[in-house]
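Okay, here's what each chain looks like letter by letter:
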Amino acid sequence: MANKSIVVLISGSGSNLQAIIDAIASGQINGRIAAVLSNKADAFGLERAKTAGIPQIMINHNDYDNREDFDKAMIDAIDAYTPDLIVLAGFMRILTPVFVRHYQGRMFNIHPSLLPKYKGLHTHQRALDAGDTQHGCTVHFVTEELDGGPLAIQAPLSIQPTDTAESLQQRVHSMEHTIYPLAVEWFCAERLTFSVSGAVQLDGTNLPPEGYQFIQE
Ligand code: GRF
């Protein structure tokens, strides 16, 4: 099976990008990151890419009059690398339907909640405010609905009585660094797929709506 080509989109620290770089280096993922694209020139993830010898693309959304033109510029830059997979790793722009459709079935996002709960921001505080006993993170395929695409892998964590938004954020973030490389590994191995019929499959079997449940030992 050919080594898959991946383009990672970031806006910030890029710790998930780093987890994927490390999982490629260790041989866990049969793929390579062809480029890292950022819409922020000062994103630390660009430094991580540089250190790993990965080409960096910088496209500032402020240089474009509208989302459509910005997304078109991104598509042109990304497709120059003929990627098999697009990984959104803390990319903080809303994508146009044209962009999303272009990469449908081959674009992942990670979100810090047990989707479909808490789409959008401030997920940790919202879980605490709701009195939830569980929180976590989810890798999903990207569709036109923000944080609404079909779920691939979900990692639940117990909320402790002493938890704050910060402590939860840290535990969830470190769990992201396990399940995001795992999703990329399975995609690159052609084990995890999102078909045109809308089904997410792992090893040829439909996953439940909540995705594969990753339970930490
Ligand atoms: C993560 O919390 C992820 O869930 C969200 O953006 C953040 C990115 O963090 N989509 P990092 O830049 O990978 O450290």
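Residues numbered from 1 in each chain as written. Predicted model: local features only at pLDDT ≥ 70, side-chain atom pairs only at ≥ 80, totals over all residues. Heavy atoms only, no water.

Where do I start with the nonpolar core in this structure?
Among soluble globular proteins, nonpolar side chains are generally buried collectively. Ranked by internal contacts, the top residues of the largest apolar core, which has 42 residues, are Val8, Val36, Val87, Phe108, Val184 and Leu192. Here this core takes 10 residues from helix H6 (residues 165-188), the largest share from any one element. (Core = buried A, V, L, I, M, F, W, Y, C linked by side-chain atoms within 4.5 Å. Buried < 20%, exposed > 50% of the residue type's maximum accessible area, 1.4 Å probe, protein only. Helix = DSSP H or I, 4+ residues; strand = E, 2+ residues; numbered from the N terminus.)

Is there a simple way to explain the sheet that holds strand E10 (residues 205-206) in this structure?
Whenever strands of a sheet pair, they do so through backbone hydrogen bonds, lying parallel or antiparallel. If you walk across this open sheet you meet the three strands as E8-E9-E10, and the pairing is antiparallel. With partners counted over all chains shown, the strands left at the sheet margins are strand E8 (192-194) and E10, one partner each. Note that E8 and strand E9 (residues 200-202) share three bridges and pair antiparallel. Bridge pairing in E9 links Phe194 to Val200. (Pairing = 2+ DSSP bridges.)

Looking at this model, I keep getting lost on the sheet that holds strand E3 (residues 56-58). Mind explaining?
Across the sheet, eight strands lie side by side as E3-E2-E1-E4-E5-E6-E7-E11; this open sheet has mixed pairing. Each edge of the open sheet carries a strand with a single partner, namely E3 and strand E11 (212-213). As judged from the two bridges shared by strand E7 (residues 151-158) and E11, these two strands associate in the parallel manner. Residue pairing across strands places Gln154 opposite Gln213, the latter belonging to E11. Against the sheet, helix H1 (residues 15-25) makes contact with strand E1 (4-10), strand E2 (31-38), strand E4 (85-88) and strand E5 (107-111), and its axis sits at roughly 160° relative to E2, the strand it touches most. Running at roughly 145° to E1, helix H3 (residues 67-79) makes contact with E1, E2, E3 and E4 of the sheet. (Contact = heavy atoms within 4.5 Å. Axes fitted to C-alpha atoms, helices over the stretch in contact; angles between N-to-C directions.)

What is the right way to look at the site of the ligand in this model?
The immediate surroundings of the ligand are formed by Ser13, Gly14, Ser15, Asn16, Gly90, Ile110, His111, Pro112, His173 and Glu176. Here Ile110 contributes a backbone N or O atom positioned 2.9 Å from a nitrogen atom of the ligand. Relative to its free-state accessible area of 370 Å², the ligand is covered by the protein chains to the extent of 84%. Contributing elements (two or more residues each) for the shell around the ligand: H1, E5 and H6. Taken together, the residues of the shell around the ligand sort by class into two nonpolar, seven polar and one charged. (Near = heavy atom within 4 Å. Polar contact = N/O pair within 3.5 Å; in protein donor to acceptor, adjacent residues only side chain to side chain. Areas by Shrake-Rupley, 256 points an atom, 1.4 Å probe, with all protein chains shown as cover. Nonpolar A, V, L, I, M, F, W, Y, C, P; charged D, E, K, R; others polar.)

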